[in-house]
Amino acid sequence: MEKMKIIFLGTGCSNPTKDRNLSSIAIRFNGEWFLFDCAEGTQRQMIKAKVSYMKIQNIFISHFHADHVLGLPGLFATMALHGRDFPVKVFGPKGVKDLIDKSLNLIGLKPNFEIKCVEAKNGVILKGNGFEVSSFPLKHEVPTRGYVFREEGKAGKFSREKALKLEIPEGPLWSKLQKGESVKIGKKSFAPEQVMDYSKGRKGKTIAVVMDTVVSENYLEEISGADILIHESSFTEKMKSRAIETKHSMVKDVAKLAERAEVGKLYLTHISPRHKENEKMENEARMVFAKSYAAKDFMEIEL
Ligand SMILES: [Zn+2]
Ligand SMILES: [Zn+2]
């Protein structure tokens, strides 16, 4: 199976710069692309990064600030122009349907395909082939949602031969063992280890996407143990007052949270145009959490 891939389509905040487009992230899984936020200019970034908009079936919107959503109507217009005839789902905070309806009205677009709007609630919001996505609330100037993309793990390989040798009959007992439960036949009990090869199993990969928010303990559990944490980190310590005023995150706080949540790697994004050097941000974060990286447009991560 092809590897999961993350591409940063935009890593800036408030206004685009020569080097950074506004917020958007694409995740590839099983031949499908999942889009997290869609700022203006996202379409061109997608073309450059070879992200096919026809292979997008699910879009996750963190909140309705302009630097996260203005690319949506344009993207739908292009999909319509290219004859898309299958639905696209848009998840977002309360009011997502209203936002989409209004933006389509504004440009007079009546696409041939269905745009299904889903208000993201807490917990699992989407289950698909080999993955699930869950959502949780963040604290920003407007209602905002964080998302976790979770690949399904593989429990290990079941051995038919071993099961038959132990005289465990095919049927419900086999599926119990496959699920990791012990079974009993008469007085004999069998543990899953006797028929499962766990060396072939593996934990599913997890990617947490946390956009505009005040850093808080409230979502520590949701992001805990993620292989990749992508977190809004608009400001360094120097601009603390600005961070507090606009309800944004500061690099050091994000790094502290990443450490507590025991994530694999932290990627800082939604970076203020005032921060010109990635190294400074990385250094500030790495003093707390060594595996911190400042994202750049078109940066790709395979996992
Ligand atoms: Zn923003
Ligand atoms: Zn915002």
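Look up: the structure comes first, before these words.
Our next topic: the nonpolar core. The tendency in soluble globular proteins is for nonpolar side chains to be buried side by side. Ranked by internal contacts, the top residues of the largest apolar core, which has 70 residues, are Leu 229, Val 254, Leu 266 and Leu 268. Residues in contact with Leu 268, not counting those within four places in the same chain, are His 231, Ser 233, Val 251, Val 254, Met 281, Ala 285, Ser 292, Tyr 293, Ala 294 and Ala 295. With 5 residues, the next largest nonpolar core counts Ala 163, Leu 177, Val 195 and Met 196 among its residues.

Running from amino to carboxyl end, helix α9 (residues 251–260) crosses helix α10 (residues 278–286) at an angle of 45°, the nearest separation of the two axes being 8 Å. Looking at the two axes, α9 sits oblique to α10. Note on packing geometry: the crossing formed by α9 with α10 is right-handed. Contact with α9, carried on its side by Val 251, Lys 252, Val 254 and Ala 255, involves Met 281, Glu 284 and Ala 285 of α10 and no other residues of that element. A breakdown of the residues in the contact of α9 with α10 according to their chemical character gives 5 nonpolar, no polar and 2 charged.

What follows concerns the sheet that holds strand β3 (residues 32–36). Strand order across the open sheet formed by 7 strands is β6-β5-β4-β3-β2-β1-β18, with mixed pairing between neighbours. At either margin of the open sheet sits one strand with a lone partner, and together these are β6 (115–119) and β18 (300–302). Sheet twist, expressed as the mean angle between neighbouring strand axes with direction ignored, is 20°. Where strand β1 (residues 5–10) lies against β18, 3 bridges are found, and the strand directions are antiparallel. Bridged to Ile 6 within β18 is Ile 301. Most of the contacts of helix α1 (residues 42–49) go to β1, to which it runs at about 140°, and overall it touches β1 and β2 (24–29).

With that settled, the discussion passes to the sheet that holds strand β17 (residues 292–294). Read across the open sheet, the 7 strands follow the order β7-β8-β9-β14-β15-β16-β17; overall the sheet is mixed. Each edge of the open sheet is held by one strand with a lone partner, namely β7 (123–128) and β17. Pairs of neighbouring strands in the sheet enclose a mean axial angle of 20°, with direction left out of account. Sheet topology places strand β9 (residues 144–151) next to strand β14 (residues 206–210); 4 bridges connect them, and they run antiparallel. Directly across from Phe 149, in β14, lies its bridge partner Ile 207. Against the sheet, α9 touches β15 (228–232), β16 (265–269) and β17, its axis set at about 155° to β16. Against the sheet, α10 makes contact with β16 and β17, and its axis sits at roughly 160° relative to β17, the strand it touches most.

With that out of the way, let us pick up the environment of Leu 9. Mapped onto the elements of the fold, Leu 9 is located in strand β1. Between the C-alpha atoms of Leu 9 and Thr 42, which are 33 residues apart in sequence, the distance is 6.6 Å. Those residues in contact with Leu 9, other than ones at most four positions away along the chain, are Asn 21, Ser 24, Ile 25, Ala 26, Thr 42, Gln 45, Met 46 and Ala 49.

Orientation of helix α3 (residues 72–81) relative to helix α4 (residues 96–107), taken along the N-to-C sense of each, is 65°, at an axis distance of 10 Å. As judged from the angle between their axes, α3 and α4 are roughly perpendicular. The interaxial crossing formed by α3 with α4 has right-handed handedness. For the pair formed by α3 and α4, the contact residues are Leu 72, Pro 73, Phe 76 and Ala 77 on the first element and Ile 100, Ser 103, Leu 104, Leu 106 and Ile 107 on the second. Considering only residue class, the contact of α3 with α4 consists of 8 nonpolar, 1 polar and no charged.

Cut-off values and rules
- Residues numbered from 1 in each chain as written.
- Chains lettered and ligands numbered in written order.
- Predicted model: local features only at pLDDT ≥ 70, side-chain atom pairs only at ≥ 80, totals over all residues.
- Core = buried A, V, L, I, M, F, W, Y, C linked by C-beta atoms within 7 Å.
- Buried ≥ 20, exposed ≤ 12 C-beta atoms within 10 Å, placed from the backbone.
- Contact = placed C-beta atoms within 7 Å.
- Axes fitted to C-alpha atoms, helices over the stretch in contact; angles between N-to-C directions.
- Helix = DSSP H or I, 4+ residues; strand = E, 2+ residues; numbered from the N terminus.
- Parallel < 35°, antiparallel > 145°, perpendicular 65-115°, else oblique.
- Left-handed = near helix turned anticlockwise from the far one by under 90°.
- Nonpolar A, V, L, I, M, F, W, Y, C, P; charged D, E, K, R; others polar.
- Pairing = 2+ DSSP bridges.

By themselves, these observations are geometric and do not establish any function.
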